[in-house]
Amino acid sequence: MMDHRPEGIFGPKSPQALTWTISVANLTVVDKVPPEMLHLVDTYWYQFPPLETKWHAALATTIGLLALISIVGNGCVILIFSSTKGLRTPSNLMVINLAFADFMMMFTMAPPLIINSYHETWVFGPLMCEIYGMFGSLSGCVSIWSMTMIAFDRYTVIVKGLSAKPLTYVGSVMRILFVWANSLVWTLAPLFGWNRYVPEGNMSACGTDYLSKDWISVSYIYAYSVFVYWLPLLLIIYCYTYILKAVSAHERNMREQAKKMNVASLRSSDASKTNAEIKLAKVALVTITLWFMAWTPYLVINYAGIIDSSPISPLQTIWGSVFAKANAVYNPIVYGISHPKYRAALYKRFPALQLRKENATDQNSVASCTTAADQCET
C-alpha cells in the first residue's frame, strides 16, 4: 500500500529530512554561546529552545530607546544641576550622584546588549561578562542608595525643620562616599568568589548567578536583597511616611491659625497652585511606586531561581533585567523635571524645550513650600 500522507504533517520520509528535524528540535538557547563561555552557563538553560529573532530585535530596540532617553535625561540633570549656581547646593549633590549612576547604567549596559542581541548570544568573552554584570549591579546599587539619601535629607529638613543641622558640602560628600563604598562591597564580592556573574537566560546579558544551589551563592542573593532592596525600600517608606505626617500637621496648623485670624488663608498663593501636601504626597507615591515596580520583578526572578528554578524562562529573565534598568529613565523625571528651579534653568539653557511660559509663582520646590527655613530644594 502506498503512503499518501502529506510530507511534513506526520513526519519526513527521507533520512536526511528526519536528521534535519531532530537537529532543529534539539537546538537550545546555549548553542550559539562561544566555547570559552560554557563554564559560566548553568545546565538549567539547556532545556530551552533559542529565542526567536524577533525577540532579540524587540529587546535591542527597547534598550536602545531607553538608553537614549536615560542618557539625554540624566545628562541634562548633571549639566543643569552642576552648572547652575542656584542649584549647586549640598542636597543637590546627591541628585547629581543619582543622575550619574543612572547615566552610567545605560551608557555601559545598552551598547553591549544591543550588539549581543544582533548576534543572539554573548560575544565579548568571560571577563567582559563579569565586568558587565558588575557595572550593572553597581549602577543599580548606587541609584537605590542615592534615592535613600535624598529621602533621608528631605526627612531631616521637613520633619525636623529648624532643629535639624543644615547639610554641608562635606556632609553630602561623605554620604555619597558611603553610597559608593557600600555599593562596591556588594558588587565586587562576586568577583572574589561570593556568588559570580554569569550569562542570563537568553545569553545576551550577564548578571548574578541565582541558579546555583550551593550556600555561598544562595547566601549572597539573600544578603544582597536585604541590603540593596529591602533596607533601602523600608528607609524610603519610613522617611516619606513621616514627611507626609509633618506636612499634614503643618497644613492643619496653617488652617487653624488662619481661622483664628479670620482670614481665608495665610498663603497668598493658595488660589494659584495645588496644595503643597497633595503635591508632596504625589511625589512620594510616584517615587516609591516606580522604584518598587522597577526592581521587584528582578528580585522575584532571583528568589525563584534559588528557591525553585522551574518557573523561570529565558524571556522572563531578560525582560525582568530590562525592566529594572528602566528605572534609570524614571529618576530624572521624578528628581529633575518635577523640580521647578531645574525646569527654569533647563528652559534658559535650551529655550526650544519651553512650550509654554512657566507660572511666575511656581518657582519653589514642593518641599520648600512647607518649611519656614526654605531649605529643601530637592
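Values in this document were obtained by computation on a predicted structure and should not be read as measured data. (Residues numbered from 1 in each chain as written. Predicted model: local features only at pLDDT ≥ 70, side-chain atom pairs only at ≥ 80, totals over all residues. Heavy atoms only, no water.)

> How should the overall build of the protein chain be read in this particular structure?
Of regular secondary structure, the protein chain possesses ten helices and two strands. In the protein chain, the succession of α and β elements from N to C terminus is α-α-α-α-α-β-β-α-α-α-α-α. Sorting the 378 residues of the protein chain into buried and exposed places 48% on the buried side. Roughly 19000 Å² of accessible area belongs to the protein chain as shown, and the carbon and sulfur atoms make up 68% of that amount. (Helix = DSSP H or I, 4+ residues; strand = E, 2+ residues; numbered from the N terminus. Buried < 20%, exposed > 50% of the residue type's maximum accessible area, 1.4 Å probe, protein only. Areas by Shrake-Rupley, 256 points an atom, 1.4 Å probe, with all protein chains shown as cover.)

> How should I be thinking about the state of the cysteines in this particular structure?
Put plainly, a disulfide is one covalent bond tying together the sulfur atoms of two cysteines. Using the criterion set out here, one finds one disulfide in the structure. Here cysteine 129 connects covalently by a disulfide to cysteine 206, the sulfurs 2.0 Å from one another. Note on the cysteine 129 and cysteine 206 pair: the S-S dihedral is about -115 degrees, so by sign convention the disulfide is left-handed. Of the two residues, cysteine 129 sits in helix H4 (residues 125-160) while cysteine 206 sits in strand S2 (residues 206-208), which places them 77 residues apart along the sequence. (Disulfide = S-S within 2.5 Å.)

> Explain the packing of helix H3 (residues 90-119) against helix H5 (residues 169-188) here, please?
Each packed pair of helices is defined by two parameters, the angle between the axes and the distance between the axes. Between H3 and H5, whose axes approach to 8 Å, the crossing angle comes to 25 degrees. As judged from the angle between their axes, H3 and H5 are roughly parallel. The crossing of H3 and H5 is right-handed. Contact residues: Pro90, Leu93, Met94, Asn97, Phe100 and Met104 in H3; Tyr169, Ser172, Val173, Arg175, Ile176, Val179 and Trp180 in H5. Each residue belonging to the contact of H3 with H5 can be placed in one class, and the counts come to ten nonpolar, two polar and one charged. (Axes fitted to C-alpha atoms, helices over the stretch in contact; angles between N-to-C directions. Parallel < 35°, antiparallel > 145°, perpendicular 65-115°, else oblique. Left-handed = near helix turned anticlockwise from the far one by under 90°. Contact = heavy atoms within 4.5 Å. Nonpolar A, V, L, I, M, F, W, Y, C, P; charged D, E, K, R; others polar.)

> What is the right way to look at the environment of valine 159 in this model?
If you trace the backbone, valine 159 turns up in helix H4. The exposure class of valine 159 is partly exposed, given its relative accessible area of 30%. Residues valine 159 and lysine 245, spaced 86 residues apart in sequence, show a C-alpha to C-alpha distance of 8.4 Å. Discounting residues that sit within four places of it in the chain, valine 159 has contacts with Arg154, Tyr242, Ile243 and Ala246.

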